[in-house]
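# Chains, contacts and geometry: an overview
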Amino acid sequence: MSPLYIARSKSVAARMLGGEMMVMSAQDSTLFDLNDTASAIWQAADGITPLNEIVERVVCKEFDVAPEAAFQDAEAFVTELAGHGILLVSEQPIPQETK
Amino acid sequence: MRLMEEMGQRALDLGVPLSVHLDITYRCNERCVHCYLDHEDHGEMTAAEIKKLLKELAEAGVFMLTLSGGEIMLRRDFFEILEYAREMQFLVKLKTNAILIGDREADRMRQLGVDTVQISIYSHRPEIHDAITKVPGSLGRSIEAAKFLKSKGLKVNIANVLMKDTAQDYPGVIALAKELGVHALLDTMITPMMDGDRAPLELNLSEQKLKDVLGDPEFAADVAEMSDCSTQMDHVPCSAAHNSCYVSPYGDVYPCVQFPLPSGNVRKQRFIDIWNHSEQLNEVRSIRVRDLPNCSACGNVSTCTRCPGLAYMEGNMRGPSTQDCEKSYARTGILSVNLQKKKAAGAGLVQIQALRSSPLVQIQQPAVAAQAVSA
């Protein structure tokens, strides 16, 4: 399976509030309150690091979660945010200017 | 509880300034009869100063940023400021008369991810709207702009301030909003000038008209929703200085745009230091409903929309806001403690409207507000 690359969209409003990331989609104004794990993935979504590496390096290590379950959860989370234009997802690295 | 409300409560608990209203200019290309601003430029912040401020606001945790004025589009560097604000990932709302917004400007706003554009419309009839703004053709231009913005997919609100000469037209404004596919916000609040001059209050609705408007189901106020008073006494009177504040084009920080209590200046201090340590903001924060000498004992306390800023402009931030007393009376038919006292003192006696011009309306106090502003 090809690695997935994820990047934060520029068209969001986002702010850390009390340790949790609040993100609003500019596409449909849906507001998300990301928990610690989701916030960590969000922060690491640089368009260059594959999602599985983010999960291993950030989620599994910092939150002591088994890789398979963590990857499944991360994929579901990424798919949902991508549906609102909050994350960009690609099988290729995502260049800075397209975010 | 909706997520946005949860967010507001969390910010309140953490003392985070979730929302900031920033006026980037007081200059304006309209001359609305009810406006509370001095439109001369007394040294507004440069784009560089505003960008520095925006960075500080982001670091302080500000999420919602309202850019307003004056007329925001009169700044040649408006899009430079907006672009930076979005780079800082604020949820940006714009307030404008929109007469300088064409297809290109609307397109740029959409590209930059503006959340909402609020346009001031006073009537659906050009002869009425243009008489308020004193700019012939302004209604047509504002409507055109609303269409451009809407066509780009932006959220647009029409803000309709109701005055004695325009109030009869609010159903027409609502119909216009529906036709344009945008939302209409009705507001009955005319505020004194920021220097304390109360002349604009003469434009307020009559008692009967206020009653009619507030009784209209189209109007936003929902008495039932506001009527839980079980923990009312421990409530903070409003969000001003708790999770929101206002910054003027000159860098002055106030608890709210309607609360001209100077609390610091971002040209002299970092925003977060003002937010955390300003004596004035801390005083506003310390007030609970139970601390309000008249209002805590008032029969309208659970439904009143008392504005502490308007109370301050009447002379006492812990006192009543007579305009809100009048609104409460129009909604509930119950005379507030404040209005009862005025009545007992022989002022006006019957006509609440008459109290405005009576000698009992704290004549000295606007001057106090004016001193505070210029301090």
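Heads up: the structure comes first, above all this text.
This report concerns the structure included in the present document. Note that this is a predicted model, so its numbers are computed, not measured.

Counting its regular elements, chain A contains 3 helices and 6 strands. When the helices and strands of chain A are read in sequence order from the N terminus, they spell out β-β-β-β-α-β-α-α-β. Taken over C-alpha atoms, the radius of gyration comes to 13 Å for chain A, in line with the 13 Å a tight globule of 99 residues would show. Projecting the C-alpha coordinates of chain A onto the three principal axes gives extents of approximately 35 × 30 × 20 Å. Per-residue burial for chain A yields a buried fraction of 44% across its 99 residues. Here the contacts in chain A between residues at least 6 apart in sequence split such that 58% fall between residues at least 24 apart.

A count of helices and strands for chain B gives 15 helices and 8 strands. Residues counted as buried form 55% of the 375 residues belonging to chain B. Accessible surface computed for chain B: about 15,900 Å², of which carbon and sulfur atoms make up 52%.

With that settled, consider the pairing of strand β1 (residues 5–8) of chain A. Residue and element names in this part refer to chain A. Where β1 lies against strand β5 (residues 46–50), 2 bridges are found, and the strand directions are antiparallel. Each residue of the ladder has a partner; that of A7, found in β5, is D46. Where β1 meets strand β6 (residues 87–90), 4 bridges bridge the pair, whose relative direction is antiparallel. Following the sheet pairing, R8 is matched in β6 by L87.

What follows concerns the pattern of salt bridges. Residue and element names in this part refer to chain B. Taken as a whole and assessed by the stated rule, the structure comprises 19 salt bridges over all chains. R108 is paired through a salt bridge with E83; the nearest N and O atoms lie 3.0 Å apart. Taken together, the positions of R108 in helix α4 (residues 103–111) and E83 in helix α3 (residues 78–87) put the pair 25 residues apart, joining distant regions of the chain. In this structure R108 comes out as partly exposed when scored by relative accessible area, which is 27%. Taking relative accessible area as the criterion, E83 reaches 38% and is therefore assigned partly exposed. The partner of R125 in a salt bridge is D169, with the nearest N and O atoms 3.0 Å apart. With a gap of 44 residues between them, R125 in the loop between β4 (116–120) and α5 (126–133) and D169 in the loop between β5 (155–161) and α7 (170–180) connect regions that are remote in the sequence. Take R125: its relative accessible area is 28%, and that puts it in the partly exposed class. The network of salt bridges with shared partners includes R27, E44, R75 and D77.

Once that is clear, we can look at the interface of chain B and chain A. As a measure of interface size, the accessible area lost when the parts come together is often cited. The partner chain A presents 18 residues to the 21 residues of chain B that form the contact. Buried surface at the junction of chain B and chain A, summed over both partners, amounts to about 1,500 Å²; 59% is from carbon and sulfur atoms. Our count for the chain B to chain A interface comes out at 2 salt bridges. Across the pair E20(A) and R10(B) runs a salt bridge, and its minimum N-O distance is 3.5 Å.

Turning our attention to helix α1 (residues 3–14) of chain B. The first and last C-alpha atoms of α1(B) sit 16 Å apart over 12 residues, in line with the 16 Å expected at 1.5 Å per residue. Listed in full, the buried residues belonging to α1(B) are M7(B), G8(B), R10(B) and A11(B). The buried residues of α1(B) occupy an angular sector of 165° when the element is viewed end-on, so they sit on one face. Each element contacted by the buried residues of α1(B) is listed here: β2 (12–17), β3 (20–25) and β4 (31–34) of chain A.

Residue and element names in this part refer to chain B. The 8 strands lie next to each other as β6-β5-β4-β3-β2-β1-β7-β8, forming an open sheet whose pairing is mixed. Edge positions in the sheet fall to β6 (183–187) and β8 (253–254), since each has one partner strand and no second. Here strand β1 (residues 19–23) runs beside strand β2 (residues 64–68); their pairing, made up of 5 bridges, is parallel. Looking at the pairing, V20 lines up with L65 of β2.

All names here are of chain A. Structurally, V58 is set in helix α2 (residues 51–63). According to the relative accessible area criterion, V58 is buried, its value standing at 8%. Sequence-wise, V58 and F32 are 26 residues apart; in three dimensions their C-alpha atoms are separated by 20 Å. Sequence-distant contacts of V58, defined by excluding residues within four places in its chain, comprise A40, A44, E53 and F63.

Take T116(B): it is sitting in strand β4. Within the structure, the side chain of T116(B) is placed 2.6 Å from the side chain of D115(B), a separation counted as a polar contact.

The next point concerns the nonpolar core. L22(B), L54(B), L67(B), F90(B), L94(B) and M109(B) are the most contacted members of the largest nonpolar core, which totals 77 residues. In terms of residues, this core owes the most to one element, helix α2 (residues 47–60) of chain B, which gives 7 residues. Apart from the residues lying within four places of it in its own chain, the contact partners of F90(B) are A13(A), R15(A), L54(B), L57(B), A58(B), V62(B), F63(B), L65(B) and A85(B). Formed by 26 residues, the second largest nonpolar core is a distinct cluster that contains M21(A), V23(A), L51(A) and F77(A).

A few words now on the side chain of S39(A). Its place among the elements puts S39(A) in helix α1 (residues 36–44). The exposure class assigned to S39(A) is buried, which follows from its relative accessible area of 4%.

What follows is about α4(B). All names here are of chain B. Considered for burial, the residues of α4 that qualify are E105, A106 and M109. The arc that holds every buried residue of α4, seen down its axis, measures 100°, which confines them to one face. Structural note: α4 exposes R104 and Q111 on the side pointing more than 90 degrees away from its buried face. Packing partners of the buried residues in α4 comprise α3, β3 (91–96), β4 and α6 (138–151). Where α4 terminates, the next one or two residues include G113, which has phi positive at roughly 80°.

Rules used in this analysis
Residues numbered from 1 in each chain as written. Chains lettered and ligands numbered in written order. Predicted model: local features only at pLDDT ≥ 70, side-chain atom pairs only at ≥ 80, totals over all residues. Heavy atoms only, no water. Helix = DSSP H or I, 4+ residues; strand = E, 2+ residues; numbered from the N terminus. Rg over C-alpha atoms; globule rule 2.2 N^0.38 Å. Buried < 20%, exposed > 50% of the residue type's maximum accessible area, 1.4 Å probe, protein only. Contact = heavy atoms within 4.5 Å. Areas by Shrake-Rupley, 256 points an atom, 1.4 Å probe, with all protein chains shown as cover. Pairing = 2+ DSSP bridges. Salt bridge = Lys/Arg side-chain N within 4 Å of Asp/Glu carboxyl O. Buried area = accessible area lost by both parts, 1.4 Å probe. Expected span 1.5 Å × (residues − 1). Arc of directions from axis to C-beta. Polar contact = N/O pair within 3.5 Å; in protein donor to acceptor, adjacent residues only side chain to side chain. Core = buried A, V, L, I, M, F, W, Y, C linked by side-chain atoms within 4.5 Å.

Take it as geometry only, folks, not as evidence of what the structure does.
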